[in-house]
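Residue strings, one per chain:
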Amino acid sequence: MKIVFYSTTASAFEEGAFSFFTWPRRADVWSCLHERYPEHEFYIVTQKPACFLLDGEDPVTFLHRERITVLPDTASVEDVACAIFNTGALLAISCTGWAPPLDWLGVQDALVAEKLSAHGMRVMCHQLQTALDFFDKRRTHEVLSQAGFLLPKAVYVHHELYWCERSHHELIRNVYKEAVLRAIQRLQYPVVIKDTAGLSSYSMEVAVSYKQALSYLNSGRTRCDRIVEEYIAGDQAGVELYVPPALAESGEMCASAEGGKRSLQAAYVFSPLLFSLNRYGITSPKQSVKLGGVEGMKNRARYHIDELESLVKKLSALAHFSGGAQIDLVHSEQADEHGRHWYIIEVNPRLSGMSETYAASVQKSALELLLRTALSLPLTDSKKEADKVLNIKLPLLDAAQLAAVCAEPCVRYVHQICNTQAKQEREKGYCELVLCAPTYEVLTASLAAFTARYGSCMESAFVKNAHALFSKLV
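This write-up is about the structure you can find in this document. (Residues numbered from 1 in each chain as written. Predicted model: local features only at pLDDT ≥ 70, side-chain atom pairs only at ≥ 80, totals over all residues. Heavy atoms only, no water.)

## Section: the overall build of the protein
For the record, the criterion: To qualify as a helix, a DSSP run of H or I must reach at least 4 residues; to qualify as a strand, a run of E must reach at least 2; elements of each kind are numbered from the N terminus. Both definitions apply: the radius of gyration is a C-alpha atom measure, and the globule rule equals 2.2 Å times residues to the power 0.38. Buried means the residue's accessible area, taken with a 1.4 Å probe over protein chains only, is under 20% of the maximum for its type, while exposed means over 50%, and partly exposed covers the values in between.
In terms of regular secondary structure, the protein is built from 17 helices and 19 strands. Against the 2.2 N^0.38 benchmark of 23 Å for 474 residues, the protein shows a C-alpha radius of gyration of 22 Å, consistent with a compact globule. Projecting the C-alpha coordinates of the protein onto the three principal axes gives extents of approximately 70 × 55 × 55 Å. Residues classed as buried in the protein amount to 55% of the 474 residues present.

## Here's the deal with the packing of helix α2 (residues 77-86) against helix α3 (residues 105-118)
So the rule is basically this: In this analysis, axes come from line fits to C-alpha atoms, helices being fitted only over the stretch in contact, and the angle between any two N-to-C directions falls in the range 0 to 180 degrees. Here the word oblique covers every angle except those under 35 degrees (roughly parallel), over 145 (roughly antiparallel) and from 65 to 115 (roughly perpendicular). Crossings are assigned a handedness: left-handed for a near helix turned anticlockwise from the far helix by less than a right angle, right-handed for a clockwise turn. It only takes one pair of heavy atoms within 4.5 Å for two residues to be counted as in contact. Ten residue types, Ala, Val, Leu, Ile, Met, Phe, Trp, Tyr, Cys and Pro, are classed as nonpolar, four, Asp, Glu, Lys and Arg, as charged, and the remainder, Gly among them, as polar.
As a packed pair, α2 and α3 sit with axes 9 Å apart at the nearest point and diverge in direction by 50°. Here α2 is positioned oblique relative to α3, judged by the angle of their axes. In terms of crossing hand, the pair formed by α2 and α3 is right-handed. Contacts between α2 and α3 involve Val 77, Glu 78, Val 80, Ala 81, Ile 84 and Phe 85 from the former and Gln 108, Leu 111, Val 112, Lys 115 and Leu 116 from the latter. Classifying every residue of the contact of α2 with α3 by side-chain character gives eight nonpolar, one polar and two charged.

## Let's talk about the sheet that holds strand β8 (residues 191-195)
How we decide: Strands qualify as paired when DSSP identifies two bridges or more between them.
One open sheet holds the four strands; their spatial order is β7-β10-β8-β9, and the pairing between them is antiparallel. The sheet is open, and its two edges are formed by β7 (154-157) and β9 (205-207), each paired on a single side. Across the sheet, the mean angle separating the axes of adjacent strands is 20° when strand polarity is ignored. Contacts from helix α7 (residues 175-185) reach β7 and β10 (226-230) within the one sheet, and its direction differs from that of β7 by about 160°.

## Concerning the packing of α7 against helix α8 (residues 210-217)
Across the interface, α7 lies against α8 with an axial gap of 10 Å and an inter-helix angle of 145°. Read as a crossing pair, α7 and α8 show a hand that is right-handed. Where α7 approaches α8, its residues Leu 181, Ile 184 and Gln 185 are matched on the opposing element by Tyr 210, Leu 214 and Leu 217.

## As for unusual backbone geometry
The omega torsion of the bond from Lys 48 to Pro 49 falls at 10°, within 30 degrees of zero and hence cis. With respect to the helices and strands, the residue Pro 49 is situated in the loop between β3 (41-47) and β4 (68-71). With phi around 50°, His 304 is a residue other than glycine that occupies positive phi space. The backbone of Ser 376 sits at a positive phi, close to 55°, despite the residue not being glycine.

## Things to note about the environment of Val 474
Along the chain, Val 474 falls in the segment after α17 (460-473). Under the relative-accessibility criterion, Val 474 is labelled exposed at 56%. Considered as a pair, Val 474 and Glu 441 are 33 residues apart in the sequence and their alpha carbons are 7.7 Å apart. In this view, Val 474 contacts Tyr 440 and Glu 441; residues no more than four positions away in its chain are not counted.

## Observations regarding the side chain of Lys 393
The condition is simple: Polar contacts here mean pairs of N or O atoms no more than 3.5 Å apart (in protein, one a potential hydrogen donor and the other a potential acceptor; neighbouring residues in sequence count only if both atoms are side-chain atoms).
Relative to the helices and strands, Lys 393 is located in strand β17 (residues 388-394). Of note is the side chain of Lys 393, whose polar atom sits 3.2 Å from the backbone oxygen of Ser 288.

## Concerning the sheet that holds strand β1 (residues 2-7)
Within a sheet, adjacent strands bond to each other through the backbone by hydrogen bonds, running parallel or antiparallel. Across the sheet, which stays open at both edges, the five strands sit in the order β4-β3-β1-β5-β6 with parallel pairing between neighbours. The open sheet is flanked by β4 and β6 (122-124), the only strands paired with a single partner. Neighbouring strand axes in the sheet, compared pairwise and without regard to direction, differ in orientation by 20° on average. Looking at chain direction, β1 and strand β5 (residues 91-94) are connected through four bridges and run parallel. Bridge pairing in β5 places Tyr 6 opposite Ser 94. This element, helix α14 (residues 366-374), spans β1, β3, β5 and β6 of the sheet and lies at about 135° to β5.

## Looking at the side chain of Thr 9
Structurally, the position occupied by Thr 9 is in the loop between β1 and β2 (18-23). Among the polar contacts listed, one links the side chain of Thr 9 to the backbone nitrogen of Ser 11, at a separation of 3.4 Å. Ignoring anything within four residues of it in the chain, the contact list for Thr 9 reads Gln 47, Lys 48, Asp 73, Leu 105 and Gln 108.

## A short note on the packing of aromatic side chains
Heads up, the condition is: We call Phe, Tyr and Trp rings a pair once their centres come within 6.5 Å, taking the six-membered ring for Trp, and we label the pair stacked below 30 degrees between planes, edge-to-face above 60, and tilted otherwise.
Using the criterion set out here, one finds 12 aromatic pairs in the structure. Measuring from centroid to centroid gives 5.8 Å for Phe 52 and Trp 98, while their planes differ by 70°, and the two rings are edge-to-face. Of this pair, Phe 52 sits in the loop between β3 and β4 while Trp 98 sits in the loop between β5 and α3, and the two are 46 residues apart along the sequence. Among the residues examined, Phe 52 registers a relative accessible area of 9% and is labelled buried. Both rings, one in Tyr 242 and one in Phe 270, keep their centres 6.1 Å apart while their planes meet at 80°; by these two values the pair is edge-to-face.

Written as structure tokens, this is what we have:
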């Protein structure tokens, strides 16, 4: 069967502004898929940067060039759909990623999917309504609150109304601002202030008092709609799940949401990864260390994993996911009035910064996870537990260091991104490593040995954060 993977963008990708290095190389990943699934022919239709699909320096893989279509940034939804139709594929798989400034690429992929489905092509892609509900954090709060999920209490701030007196000089008072500020004053502090449509935790601010929150909202740093959300103390974590398209369409997941465990062929939910926090108490995508999964009876009881699994099933039924999705959460040791411990912070109906980490834990790539999901194949070997994984960031490495790191037996995935135009050191980029081992004891020893060899090019704070996470799970 001919299968096409596709990915769109909504921002201009400036050639030369970024450089990427990924190991295993995407070319090797495609070659592996070709060997493992010889009954299928694979095609790519994408716009740059295509992080999950192509190597950064050269869009050539084992595939023949005619099987790779790289469209310009200006390509429309119709252009993308036409290019996919031209492959003659029977199945299209959305490989949605992310790009600044707005986390809405899933919306464009869904628009493409609608056109493909209307012409009879089978597609694995989240529905348009799902993409819209979860890229807008205000809408996410509304949808999840109405469905009874546990979320931090939050206040929405409409930027234009908050400053409407600027364009309406006849107003003697802004009653909207007064009402919003009164609601914000009643929140429990600290609070987290974030864009309603921004990417990850970029532009996020933590305010420890109402005075500080007011100062931030009234400053020139706020130029868009915001959510002011109570900060929930606890362990921050993430979980990823994969749902076949047929399951989302049939409603079987909705019917089984309150039932027992589904088979692996139906849907797969990975064990959560714990996140380290920065000095402000939030997860920074460029600095966070991730460790998991949370396994063993002791850890399952401590982190109320049965509650989490029930939450994910209920959310899957509500959203009708089709493909990979990721959820950010906080586990509070103190239960709410209904005995719940897991707060939903964000839902991302797309691949995430955790996707390759989870894939490495089961010795696959994110592309293979998507492929097997679309074909309703088990994601893992039921007789073998997933490896324990540690995702840790390093400063940018040179070519020799990258080669050495890739040769380390405990390293299963490497991704380095470099912003060649950045002026600040922190903005120049980072190198992300995924270390794997069958047990936490072996993984801890692997990190110690790795640190002994590469300590000079590692940040001690990241290593310290990794050991702090180990202490929670071992």
